[in-house]
Amino acid sequence: LNRHYFALPTNPGEQFFMFSTLAAWLITKAGHPFEQPQEYDDPNAIISNVLSELRSFGRPVDFPPSKLKAGYGEQACYVLDCLAEEALKYTGFSWKRPAYPTEELEEEEITEDDAELILNKLEEDVVEEESDNEENFIDLNVLKAQTYRSDVNDSAKQEEILQSTTDAAEWNLEVERVLPQLKVTVRTDNKDWRIHVDQMHQHKDGIESSLRETRGYLDKLHNEISRTLEKINSREKYINNQLDHLVQEYRSAQALLSEAKEKYQEGSGGVTERIRVLSEITEVLERVKQETEEKGSSMTDGAPLVKIKQALTKLKQETIQMDIQIGVMEHTLLQSKLKEKSNMTRDMHATMIPEATVDAY
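Residues numbered from 1 in each chain as written. Predicted model: local features only at pLDDT ≥ 70, side-chain atom pairs only at ≥ 80, totals over all residues. Heavy atoms only, no water.

Engineer: Would you mind going over the overall build of the protein in detail, with residue names and values included?
Structural biologist: What the protein contains, in helices and strands, is 10 helices and zero strands. For the protein, the α and β elements follow one another from N to C terminus as α-α-α-α-α-α-α-α-α-α. Summarising the internal contacts of the protein: among those between residues at least 6 apart in sequence, 57% fall at separations of at least 24. (Helix = DSSP H or I, 4+ residues; strand = E, 2+ residues; numbered from the N terminus. Contact = heavy atoms within 4.5 Å.)

Below, the structure is given as structure tokens:
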């Protein structure tokens, strides 16, 4: 995706699908599990889920959800920007300090002017040779002394010139001999400012000459464009006056269409909520039906009744056995009581004391 993909409209369906997919991926990266939307899912449900996740992050949402249905615009960029910031916070991303490249300072090269006199170059060469002999060491005192000596020599030379006794013929011969060495040589260089100035003057003259020729054509073209614009403006005013009532009808129809779209979006949101409630009620109804079927099948089944009859038969058999055991126990108890009674009577007869014995005491 280019950086302006969600800023300009290209293909609303494709842009909305890419927006929803990217938003779901960013929400998952931010630590909230979010199911990836499919291409044929309900867009209103997707938008409501994305906005609810955005509010859970503490981000304000002060625009209607219908603004996101196009998949582009300021609101879509705002949502993606907030989700990207939350994903970066969750992953612990931090910006590093910028590392600026070190720029090496280039030494300025002092270009000598080729238009200087050769005599000055000779003097500079002599000064450079003297400085090389002195091992590139300059003493200020020595420099001051040399300056003072040069001033004294110049004053002496001036005095000598004022009192000169040189012959004019010898002077002319010396001038003719030295004249070739005093010739000024100027080398042509494209970087020389004089050449740049000449080129500027040449270009200026060319521009002025070309402007004189083209000014007439430009004025004619300007006049034609002005007349054409006036015609277009007059025609536009005429068309606007003729189609004013149609424009008003179109605006009213556009307003009604926008209101109908808003109502449809509100109604589609309510339908989505009701569909969800209906699915929940359907699940509860299916569960109740399943429980009812299980109870009905258990009620019509005869297996429990057979089990109850078998249990009653078994209880009767056990009751008969218990009655027999009780009769045996009662008979045994009766025999033991009779035996005990006979023993007691026997003991009583055995322990009777004779009366004669009692009278003797």
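Engineer: Residues and numbers for the packing of helix H1 (residues 12–29) against helix H3 (residues 74–91), please.
Structural biologist: At a closest axis distance of 8 Å, the pairing of H1 and H3 adopts a crossing angle of 25°. The orientation of H1 relative to H3 falls into the category roughly parallel. Crossing angle aside, the handedness with which H1 passes H3 is left-handed. For the pair H1 and H3, contact is made by Phe-19, Leu-22, Ala-23, Leu-26, Ile-27 and Lys-29 and by Ala-76, Val-79, Leu-80, Leu-83, Ala-84, Ala-87, Tyr-90 and Thr-91, respectively. Looking at side-chain class alone, the contact of H1 with H3 contains 12 nonpolar, one polar and one charged residues. (Axes fitted to C-alpha atoms, helices over the stretch in contact; angles between N-to-C directions. Parallel < 35°, antiparallel > 145°, perpendicular 65-115°, else oblique. Left-handed = near helix turned anticlockwise from the far one by under 90°. Nonpolar A, V, L, I, M, F, W, Y, C, P; charged D, E, K, R; others polar.)

Engineer: I'd like to hear about the pattern of salt bridges, residue by residue, with values.
Structural biologist: In total, this model carries five salt bridges according to the counting rule given. Its salt-bridge partner being Glu-85, residue Arg-59 comes within 2.7 Å of it at the nearest N-O pair. Residue Arg-59 is located in the loop between helix H2 (43–56) and H3, and its partner Glu-85 is located in helix H3; the two are separated by 26 residues in the primary sequence. Close ionic contact of Arg-177 with Glu-174 constitutes a salt bridge, the shortest N to O distance being 2.2 Å. Taken together, the positions of Arg-177 and Glu-174, both in helix H6 (residues 168–178) and three residues apart, correspond to about one turn of that helix. (Salt bridge = Lys/Arg side-chain N within 4 Å of Asp/Glu carboxyl O.)

Engineer: Tell me about the side chain of Glu-86, and please be specific about residues and values.
Structural biologist: Inspection of the secondary structure assignment puts Glu-86 in helix H3. Dropping the residues within four chain positions of it, Glu-86 is found in contact with Ala-30, Phe-57 and Arg-59.

Engineer: Break down the nonpolar core for me, citing the residues and quoting the values.
Structural biologist: Side chains that are nonpolar tend, in soluble globular proteins, to be buried together. By size, the foremost hydrophobic cluster in this structure holds 25 residues, and its most contacted members are Phe-19, Leu-68, Val-79 and Leu-83. Elements supplying a minimum of two residues to this core: H1, H2 and H3. When sequence neighbours within four positions are dropped, the list of residues in contact with Phe-19 reads Phe-6, Leu-68, Gly-71, Ala-76, Val-79 and Leu-80. (Core = buried A, V, L, I, M, F, W, Y, C linked by side-chain atoms within 4.5 Å. Buried < 20%, exposed > 50% of the residue type's maximum accessible area, 1.4 Å probe, protein only.)

Engineer: Requested: an account of a negative patch on the surface, with residues and values cited.
Structural biologist: Side chains of Glu-286, Glu-291, Glu-293 and Glu-294 sit close together on the surface and give a patch of like negative charge. Within the secondary structure, Glu-286 is located in helix H8 (residues 244–300). (Patch = residues over 30% accessible without salt bridge, like charges linked within 9 Å, V, L, I, M, F, W, Y side chains within 5 Å. Areas by Shrake-Rupley, 256 points an atom, 1.4 Å probe, with all protein chains shown as cover. Lys, Arg positive; Asp, Glu negative; His and termini not counted. Charge placed at Lys NZ, Arg CZ, Asp CG, Glu CD.)

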